[in-house]
Structure formats: structure tokens, C-alpha cells
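Commentary on secondary and tertiary structure
In case you want the letters, here they are:
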Amino acid sequence: AEVGLAGLGDRETTDLSGGQQQRLAVAAALARSPKLLIADEVTSMVDPVGRAELIEILAELPRRRAITVVLITHRDSEARAADRVIHLEAGRVVEHHPEGMRPEAISPPLPQRHDEHGQALLVVRDLAHTYLPGSPWEVTALKSVNFQVNSGDGVLIVGGNGSGKSTLAWILAGLITPTR
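Before going into details, it helps to say that this report is about the structure given with it. (Residues numbered from 1 in each chain as written. Predicted model: local features only at pLDDT ≥ 70, side-chain atom pairs only at ≥ 80, totals over all residues. Heavy atoms only, no water.)

What follows concerns the nonpolar core. One recurring pattern in soluble globular proteins: nonpolar side chains tend to sit buried together. Val26, Leu58, Leu61, Leu71 and Leu156 are the most contacted members of the largest nonpolar core, which has 21 residues in total. The set of elements that each furnish at least two residues to this core consists of helix H1 (18-30), strand S1 (36-40), helix H2 (48-65), strand S2 (68-73) and strand S7 (154-158). Broken down by element, this core gets its largest block of residues, five residues, from H2. Excluding its chain neighbours within four sequence positions, the residues that come into contact with Val26 are Val3, Val42, Leu54 and Leu58. Membership of the second largest hydrophobic core comes to 18 residues, among which are Ile72, Val93, Val145 and Val155. (Core = buried A, V, L, I, M, F, W, Y, C linked by side-chain atoms within 4.5 Å. Buried < 20%, exposed > 50% of the residue type's maximum accessible area, 1.4 Å probe, protein only. Helix = DSSP H or I, 4+ residues; strand = E, 2+ residues; numbered from the N terminus. Contact = heavy atoms within 4.5 Å.)

Below, the structure is given as C-alpha cells:
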């Protein structure tokens, strides 16, 4: 019910729309009562109304459930729901100044926040990752990435295709080991 799927418990997952399946994935993660939720492109195949609803659900989690949320997306428009934005470009954290963005939502490359949201829950220092190092297909996805996420934060990680967002999400989730 919390993710908007009330009354659909008896349906086959294959009968759910793409947006409903995304909501189900969020519900499955919430069922484990995590302290940190990393949502990688959770709105990518969702219509605009469903996208706005998912962002609203995720934005309320730090307040409602005391869950720290890190949303990975290429949609700059989703940044307005975040407490802070970390912008990746070519594998590096860069300054993020989209038009109309609240100044307090813009994060410096090395935020030192230990104030309103609590203790550091995730600290990333000098993170780098290269796929197939030493081969002709070597690709550097992340270069010296630094940031901190505190308990209760709602953080958006944004960047274009190939900027390193998903690689960062996979490393944060423990699915791959960084090369540095």
C-alpha cells in the first residue's frame, strides 16, 4: 500500500505494468527495513505521472521511515526532491547548477555534513573503477569520486549516459569491487 500497490497482491508480477513492477521492487526493498536504499534508475521505464509518484514515495522515506535514500538517475528534474545532488560527469563529481535548482540542494564535491541529518552512513573517498584494465577494451568509469551520505539524507546522483552512475550504484550495493 505504501508504494501504491494496494489491492494488487493476488496479481502475477508478469501482469503488472512497468511502473507497477518498479513500485514492487521498491516495496520488496522496503520489506527488509533497510537503513540505506539505493535506487538505480527506478523511474526509467515509468510514465511521467508514475515517475512523479515514485519520486514522492522515495522523497518521503527519510522522514517517514528514517531510511537514507540514494537515487541514481539521468533526469535532472528529479533533483528537486533531493536534499542534496551529486552530479557525475565523465566519471567525476562536478558542480551541479541546473536552472531553478534550490541553492541548498547543490552539493560541493566533498560535502562535510555532520549536522541536521545525523551521522555519516556512507563515506566514499577517492573511489575509482576501470573495466577490463590492461586490455584493449579498458574503460574508466569512475575517477576519484568523493562524497558522504549521512543518516536520514535524501541524495540524488545524476549524470548523463556513461557518466558512471550505475557503476557507482553497483559498487555501493557491493555487487562489484572498485579498482581503487
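This part is about the sheet that holds S7. A sheet is described by the order of its strands in space; here five strands give the open sequence S1-S2-S7-S3-S4, paired in mixed fashion. At either end of the open sheet lies a strand with only one pairing partner, and these are S1 and strand S4 (92-94). Neighbouring strand axes in the sheet, compared pairwise and without regard to direction, differ in orientation by 25° on average. With five bridges connecting them, S1 and S2 associate as parallel partners. Within S2, the residue paired with Asp40 across the bridge is Ile72. Packed on one face of the sheet, helix H3 (residues 165-172) meets S1, S2, strand S3 (84-89) and S7 and runs near 150° to S1. (Pairing = 2+ DSSP bridges. Axes fitted to C-alpha atoms, helices over the stretch in contact; angles between N-to-C directions.)

Treat this as a map of the structure, not an account of what it does.
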